[in-house]
Amino acid sequence: MTDPLARKVVACVIGTRPEAIKMAPVVLRLRQFDGLRVRLISTGQHRELLDQALADFDLTLDRDLGLMRPGQTLAELPARALTSLDEAFAAESPDLVLAQGDTTTVLAAALASFYRRVPFGHVEAGLRTGQPDRPFPEEKNRVLAGHLASVHFAPTPRSRLNLLREGISNASIHVTGNTAIDALRLTADQPCRLPVRLQTDRMILVTAHRRESFGEPMVEICRAIIDLVDRDPQLSVVFPVHPNPSVRSVVGSLLQGRPRIQLIEPVGYREFVGLMRGSFLILTDSGGVQEEGPALGKPVLVLRDETERPEAVEAGTVQLVGPHRSAIVESVESLAREPDRYRQFAQVANPYGDGWAAERIARVILGRFGLEIADDPAGFSPIWPRA
Ligand code: UD1
Ligand code: UDP
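Note that this is a predicted model, so its numbers are computed, not measured. (Residues numbered from 1 in each chain as written. Chains lettered and ligands numbered in written order. Predicted model: local features only at pLDDT ≥ 70, side-chain atom pairs only at ≥ 80, totals over all residues. Heavy atoms only, no water.)

Looking at this structure, how should I read the packing of aromatic side chains?
Working definition: an aromatic ring pair is given by the centre-to-centre distance plus the angle between the planes. In the structure shown here, the tally under the stated rule is four aromatic pairs. With 4.6 Å between their ring centres and 0° between their planes, Phe-280 and Tyr-342 make a pair best called stacked. One end of the pair, Phe-280, is in the loop between helix 10 (269-278) and strand 11 (281-284); the other, Tyr-342, is in helix 14 (residues 339-347), with 62 residues separating them in the sequence. Overall, Tyr-342 belongs to the buried group, its relative accessible area being 16%. (Phe/Tyr/Trp six-rings, centres within 6.5 Å; stacked < 30°, edge-to-face > 60°. Helix = DSSP H or I, 4+ residues; strand = E, 2+ residues; numbered from the N terminus. Buried < 20%, exposed > 50% of the residue type's maximum accessible area, 1.4 Å probe, protein only.)

What is the right way to read the layout of surface pockets from this model?
Empty space left among the atoms is revealed by rolling a probe the size of a water molecule over them. By volume, the second largest pocket amounts to about 170 Å³. Every residue lining the second largest pocket is listed: Pro-25, Leu-28, Arg-29, Gln-32, Asp-182, Arg-185, Leu-186, Trp-356, Ala-358 and Glu-359. In terms of residue class, the lining of the second largest pocket is built from five nonpolar, one polar and four charged. (1 Å grid on protein atoms, 1.4 Å probe; cavity = no way out; pocket = protein on both sides within 12 Å on 5 of 7 lines; lining within 4 Å. Points joined across faces, edges and corners; volume = space filled by probe spheres on them. Nonpolar A, V, L, I, M, F, W, Y, C, P; charged D, E, K, R; others polar.)

What am I meant to see in the site of ligand 1 here?
Close to ligand 1 lie 25 residues; Gln-45, His-46, Glu-48, Thr-104 and Glu-138 are nearest. Here an oxygen atom of ligand 1 and a backbone polar atom of Leu-49 are 2.9 Å apart. Taking Asn-244, its side chain carries an N or O atom lying 3.4 Å from an oxygen atom of ligand 1. Surface burial for ligand 1 is 94%, taken as the share of its 750 Å² of free accessible area covered by protein chains. (Near = heavy atom within 4 Å. Polar contact = N/O pair within 3.5 Å; in protein donor to acceptor, adjacent residues only side chain to side chain. Areas by Shrake-Rupley, 256 points an atom, 1.4 Å probe, with all protein chains shown as cover.)

Explanation requested: the nonpolar core in the structure shown.
Grouped burial of nonpolar side chains is what soluble globular proteins tend to show. The biggest cluster of nonpolar side chains holds 53 residues, and the ones touching the most others in it are Val-10, Cys-12, Leu-30, Leu-98, Leu-275 and Ile-365. Ranked by residues supplied to this core, first place goes to helix 1 (residues 17-30) with seven residues. Membership of the second largest hydrophobic core comes to 36 residues, among which are Ile-225, Ile-226, Leu-283 and Leu-303. (Core = buried A, V, L, I, M, F, W, Y, C linked by side-chain atoms within 4.5 Å.)

Honestly, the site of ligand 2 in this entry has me stumped. Any pointers?
As a matter of local geometry, ligand 2 sits amid 16 residues, with Arg-17, Val-267, Gly-287, Gly-288 and Glu-292 nearest to it. The separation between an oxygen atom of ligand 2 and a polar side-chain atom of Arg-210 is 3.2 Å. In the environment of ligand 2, an oxygen atom lies 2.7 Å from a nitrogen or oxygen atom belonging to the backbone of Gly-288. Within the complex, the protein chains bury 94% of what would otherwise be the 550 Å² of accessible surface of ligand 2. Counting residues per element, the ones that place at least two in the shell around ligand 2 are helix 1, helix 10 and helix 11 (287-295). In the shell around ligand 2, the residues fall into eight nonpolar, five polar and three charged.

Whenever I open this one, the sheet that holds strand 1 (residues 8-14) confuses me. Can you help?
Within a sheet, adjacent strands bond to each other through the backbone by hydrogen bonds, running parallel or antiparallel. Taking strand neighbours across the sheet as the criterion, the seven strands line up as 3-2-1-4-5-6-7 in an open arrangement whose pairing is parallel. Edge positions in the open sheet fall to strand 3 (63-64) and strand 7 (173-175), since each of these has one partner strand only. Of the strand pairs in this sheet, strand 1 and strand 4 (residues 96-100) are connected by four bridges, and their pairing is parallel. Bridge pairing links Val-10 to Leu-96 in strand 4. In the packing of helix 5 (residues 138-148) onto the sheet, the strands contacted are strand 5 (120-123) and strand 6 (151-154), and the crossing angle to strand 5 comes to about 140°. (Pairing = 2+ DSSP bridges. Contact = heavy atoms within 4.5 Å. Axes fitted to C-alpha atoms, helices over the stretch in contact; angles between N-to-C directions.)

How should helix 9 (residues 245-255) be read in this particular structure?
Given 3.6 residues per helical turn, the α-helix brings residues three or four places apart onto the same face. Buried within helix 9 we find Val-247, Val-250, Val-251, Leu-254 and Leu-255. The arc that holds the buried residues of helix 9, viewed along the axis, is 95°, so those residues lie on one side. Summarising the geometry of helix 9, the exposed residues directed more than 90 degrees from the buried face are Pro-245 and Ser-253. The secondary structure elements touched by the buried residues of helix 9 are helix 8 (216-231), strand 9 (235-240) and strand 10 (261-264). Where helix 9 ends, the next residue or the one after it, Gly-257, has phi of about 85°, a positive value. (Arc of directions from axis to C-beta.)

None of the figures reported here should be taken as evidence of function without further support.
This is how it looks when you write it as structure tokens:
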């Protein structure tokens, strides 16, 4: 028989860089409650990127399933992850499994929890482009994980509505804000050393890694970067290049060795925050960076034709330019030319949260277990967004 006084076990499953960064505030907060035993399990979907991200939050793994293989296919990873997570859950006996976002790791964690009849809590639930294969395969991963979840932590009112439209019950959805903003808050007081010396005052920070951009779209992005620095000597580029070989081959062959373009290895989270802060604007196809840019007051031009994060586009601080050479060049140049427009872009309020999403998530979890909630931490308001 289970001991009702035993601590409840929460297994937090991560696999890639963004999951480590966005789950860190939740793990750190949950670990402060005596009534919980919090286990951090990694599929190791990413090796170097994950280790880098965990180090910045002083987090160590309780279990590392070590599943990354160079050049892994989309099917190989979930096949291995499902069996390995099942074994991990058998050993840990979680009362709740948590995972964040839309990766293969999240889908495997949701399915493995379902098979073991363990409730699954989905952090960053309900984001949708509405197009089944964009982003590929993440849109479907997120939908499927959502339909396996028993509790949904939606970052914004819109993501809540998306879930309601799919028949998810209102009572299981909690609007919390995005934990990406919590991660930024946690690093706010920490020194952010820049990993490179900036070559001009107007540095454009670039990241690109989406599968839909492999091949020709990535070539277009690189050609736009070349046009930009060739046409304006005040512009320079810092581009931390994702380790995926499909990204490295194109980016390396087109951009390596060009003046005012610095290709660098992926950097730790704190250093990346430093680069964002030091940038003139950000060109990216990353999901997380679309949330961080607005929170830091930086214009973000998204190298995709659609986004599951339309809130900042509507607010006017993020613009979709797609992976299209001329649209990228025109948009950057118009921001560089028009200081008023640039200022407007940068001054819009960030729609993704107030930095207390992890606190709200922790309270929901404690409530499910019937555990006491201590006083409010300084600065925390239980209601978000404010009416
Ligand atoms: C994955 C996620 C994507 C997320 C991205 C964050 C899926 C389907 N996609 O995409 O949603 O936005 O992570 O970065 O889950 N590699 C390394 N070392 C690393 C990481 C990756 O060498 O630390 C290389 C390996 O060759 C690996 C390849 O990158 O096979 C691709 O990694 P994978 O996790 O399959 O996909 P991502 O494109 O990174
Ligand atoms: N990031 C980082 N180092 C880098 C590039 C990005 O720490 O060199 C961080 C960034 O701040 C954000 C997250 O990684 O929090 C985004 O990860 P990624 O773009 O790989 O995934 P996505 O958000 O697109 O799923």
